[in-house]
Amino acid sequence: MSLRQKLLLVALCTLALPVAGWLYVRQMETLLREGQAQALVASARAMARSLVVVDAPLPPAGPAWFLQRANVPITIDGYADDWASLSPWAQPFGKNSRVMLAEDDHWVYFYIDVRATHRRRADAADRLALNADHLIVSIASGDDSQRYLMASAAPGATTAIALDADAGVLPDRINAQWQEDGSGFRAEFRLPRGLRLDRFGLGVHVAADGDPDPLTADNRPLIDFSAPLSQEVARLAPDGVRVRILSPDAWLVAQSGKLALPDLPAGDRPGWFASLVYRSLLATRLDSDSAWAEDAPRIDLPEVREAMQGKTATAWRAGEARGSVVLAAAMPIQMQGKSHGVVLLEQPSRAVPLLANRALFGLLLTSFAVLLVAGGVLLLFATRLTIRLRRLRNAAERAQANDGRLDGPFPLTDATDELGDLARSFERLFEVVGGYTDYLRTLASKLSHELNTPLAIVKSSLDNLDHAGLPPEAAPYLARARDGVARLGQLVRAMSEASRMERAIASAEAEDVDLADIVRGCAEGYRALAGDRRLDAELPPTPVPMHCSPELIAQALDKLFDNALSFTPPGGWLRIALTPTVDGADIELSNEGPPLPAAMQGRLFDSLVSLRDKATPGDAPHLGLGLYVVRLVAERHQGSASARNLEGGVAFTLHLKGLPRQRLG
């Protein structure tokens, strides 16, 4: 991973800024909602107290029977087809029964469904009716009340008979319909609305259950939607809030207002994206809006159930309009220590989503702008730092290519930061390396010059000793001394030749030649010297023109071939290849033989470096100047020399670009 990529990765840490902003906006949205909820709870509490103070017609405490409004005429036939629209709100009774009550302008309808798998039948007038399956129906109007026994020995029409003697205005018989199936029985009847019933009691007695008291009935008040209470609520309701009064069983008994939002211009209305952002990123605690049916007679919501227990509760739900929410506050209505229902206030709002979205979008835009600026600054800093480091690297590589000698001043040495300190340390290091390299370059010429005089003295002294008449036992020592002087003389002449070669290479003249002809001629001449070793030449079919010194190139090839031949085993192979390049040509001479040591590959072309074994007595000394001359020839032609290991051999390559042309005039 590059330095710029690392700094860019560090810049991504600034993403913590928008995340922190998002958390802050979310907390702000929570505080706004809590403030709005507290205000609506205060309104609900004030309305609950006001309803008690003004003696509003509140629903009675405790359980009651709720009369739903019959939207279609109901036929008394003992079947529930006419009750289909009201059946979702059937009121459970006992363990296996449910009751539905409805009213229209003329009648009050009753439907009782009892689940009983084992039946015992008898008519109401039968003396054994109390031992069979039967219903005890109780009705009351003011001070008048009456109980009725309802039973039937067969499906169809039946009559419920009165059990009490004096019932006032209440009838002494009730005509009903009784129907049965394999799962139980059903009873359906109606009473005139003019009776002004205010209580209804029911007792379900199944013979198989063994009820000990077959005449009991559970009496409860009858309640319905109250227009007077709705008018009182409308007088007390705050603006823009829907108020619903619920009985202790969560039946809707009064309502005022609607969930209506003020109309906004098209440009200010939140779109689907803003609504999605608010619901998914900010208001994750919104409940579903499926429970907000306008015509539901019973409001069974969590906050209502909590208020039934005497606690204040609030809830937030998604509104019907896009980008809106509804706040609900449920407050119990307490009077003389008893609960008479719940005040449910519902307030629609767009303010909280709009404010939260605006704050979030503004913060995100600011954060991303800051992120872009910070990323751009870090990228510029990383680019500048990379450029400076690259200059140091290029200077170091250039110094390495030139054996520690710089072509110009070392960069960044005047900088005052840590890179400047590093550049100055590199400069001092390369000055030392360059001085040592220059010393090694001139060591051969210095040694050859300095050794000539003492070598001549030693040689003349040995000649004088030879003429002095030494004893015969000293002759071997004298011969060894003459041999050592001869070898030392060869070394001095080789070093002198290397010095002359450096000067000759530096002063060589160039001409336009076909490099392929030069390599081809050298290869033909080497075949006779290769002996039993195979020599292959790979040359391009077209000429390879170059402005160079053919003598120097041939001399470099001679050095490379001599080096390769000495390491190639008998019967091995050698190969010379010429490859044109974009800016010159490459000459590669490869041979079969031992690989190059990894530690020596970068030093093979230095002066006085050799991988040959130590010379044996009688062999010519080897100073390791051959490959050094090859490198000088390559550098004279603006190129370089390199070596690499092959599979089963070694390859030496001359990268040549040609000699620079001399300007005339």
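Higher on the page you've got the structure.
Here the structure is a predicted model, which means the values were calculated and not measured.

A. The nonpolar core, seen in detail. Among the nonpolar cores identified, the biggest contains 46 residues, and Leu 515, Ile 587, Phe 652 and Leu 654 are the most heavily contacted of them. Val 137, Leu 170, Val 204 and Val 206 belong to the second largest nonpolar core, which has 31 residues in total.

B. Here's a closer look at the sheet that holds strand 19 (residues 534–538). The strand order across the open sheet built from 5 strands is 19-21-22-24-23, with neighbouring strands paired in mixed fashion. The outermost strands of the open sheet, each flanked by one partner alone, are strand 19 and strand 23 (640–646). For this sheet the average axis-to-axis angle between neighbouring strands, irrespective of direction, equals 15°. Here helix 10 (residues 550–567) sits on the sheet in contact with strand 21 (573–580), strand 22 (585–592) and strand 24 (649–656), set at roughly 20° to strand 22.

C. Here's a closer look at the packing of helix 9 (residues 515–530) against helix 10. Here helix 9 crosses helix 10 at 35°, and the two axes come no closer than 10 Å. When you trace helix 9 past helix 10, the crossing you get is right-handed. Seen from helix 9, the contacting residues are Leu 515, Ile 518, Val 519, Cys 522, Tyr 526, Leu 529 and Ala 530; seen from helix 10, they are Pro 550, Ile 553, Ala 554, Leu 557, Asp 558, Phe 561 and Leu 565. Of the residues contributing to the contact of helix 9 with helix 10, the split by class is 13 nonpolar, no polar and 1 charged.

D. Representation of the environment of Ala 634 in the model. Within the element layout of this structure, Ala 634 appears in helix 11 (residues 626–636). Owing to a relative accessible area of 0%, Ala 634 belongs among the buried residues under this scheme. Here Ala 634 is in contact with Gly 639, Ser 640, Ala 641, Leu 654 and Leu 656, once residues within four sequence places are set aside.

E. Up close: helix 9. The end-to-end C-alpha distance of helix 9 is 22 Å, a good match for the 22 Å that 16 residues give at a rise of 1.5 Å each. Among the residues of helix 9, Leu 515, Ala 516, Ile 518, Val 519, Cys 522, Ala 523, Tyr 526 and Ala 530 are the ones counted as buried. The backbone nitrogen of Ala 516 has a side-chain oxygen 3.1 Å away, supplied by the residue at the start of helix 9, namely Asp 514. Backbone geometry just downstream of helix 9 places Gly 531 in the positive-phi region, at approximately 65°.

F. Spatial organisation of the pattern of salt bridges. Under the defined criterion, the tally for this structure stands at 25 salt bridges. The partner of Arg 220 in a salt bridge is Asp 218, with the nearest N and O atoms 3.2 Å apart. Of the residues examined, Arg 220 reaches a relative accessible area of 15% and is grouped as buried. Residue Asp 218 is classed as partly exposed on the basis of its relative accessible area of 31%. The residue Arg 305 makes a salt bridge to Asp 300 at a minimum N-O spacing of 2.8 Å. The exposure class of Asp 300 is partly exposed, given its relative accessible area of 42%. Connected through salt bridges with shared partners, the residues Arg 119, Arg 121, Asp 133 and Glu 180 form a single ionic network.

G. Expanded view of the pairing of strand 22. Taking burial as the measure, the 8 residues of strand 22 include 6 buried ones, the bulk of the element. Both strand 21 and strand 22 contribute to a ladder of 7 bridges, which runs antiparallel. In the sheet register, Arg 575 faces strand 22, and the bridge partner there is Ser 590. Where strand 21 folds back on strand 22, the antiparallel hairpin that results is connected by 4 residues. In this structure, strand 22 lies alongside strand 24, joined through 8 bridges in antiparallel fashion. In the strand pairing of strand 24, Ala 585 is matched with Leu 656.

H. Structural view of the environment of Arg 424. With respect to the helices and strands, Arg 424 occurs in helix 7 (residues 418–467). Through-space distance from the C-alpha of Arg 424 to that of Pro 411 is 8.8 Å; in sequence the pair is 13 residues apart. Ignoring sequence-local partners within four residues, the contact set of Arg 424 consists of Thr 413, Asp 414, Ala 415 and Asp 417.

I. Here's a closer look at the sheet that holds strand 14 (residues 252–256). Taken in spatial order, the 5 strands line up as 14-13-17-16-15 in an open sheet, and their pairing is antiparallel. At either end of the open sheet lies a strand with only one pairing partner, and these are strand 14 and strand 15 (313–318). Neighbour-to-neighbour, the strand axes of the sheet open up by a mean angle of 20°, direction not taken into account. Relative to strand 17 (residues 338–349), strand 13 (residues 242–246) runs antiparallel, the two being bridged by 5 bridges. Residue Arg 244 lies in a different strand from strand 17, and its bridge partner there is Leu 344. Of the strands in this sheet, strand 13 and strand 14 are in contact with helix 3 (residues 227–236), which crosses strand 14 at around 40°.

Cut-offs applied
Residues numbered from 1 in each chain as written. Predicted model: local features only at pLDDT ≥ 70, side-chain atom pairs only at ≥ 80, totals over all residues. Heavy atoms only, no water. Core = buried A, V, L, I, M, F, W, Y, C linked by side-chain atoms within 4.5 Å. Buried < 20%, exposed > 50% of the residue type's maximum accessible area, 1.4 Å probe, protein only. Pairing = 2+ DSSP bridges. Helix = DSSP H or I, 4+ residues; strand = E, 2+ residues; numbered from the N terminus. Axes fitted to C-alpha atoms, helices over the stretch in contact; angles between N-to-C directions. Contact = heavy atoms within 4.5 Å. Left-handed = near helix turned anticlockwise from the far one by under 90°. Nonpolar A, V, L, I, M, F, W, Y, C, P; charged D, E, K, R; others polar. Expected span 1.5 Å × (residues − 1). Polar contact = N/O pair within 3.5 Å; in protein donor to acceptor, adjacent residues only side chain to side chain. Salt bridge = Lys/Arg side-chain N within 4 Å of Asp/Glu carboxyl O.

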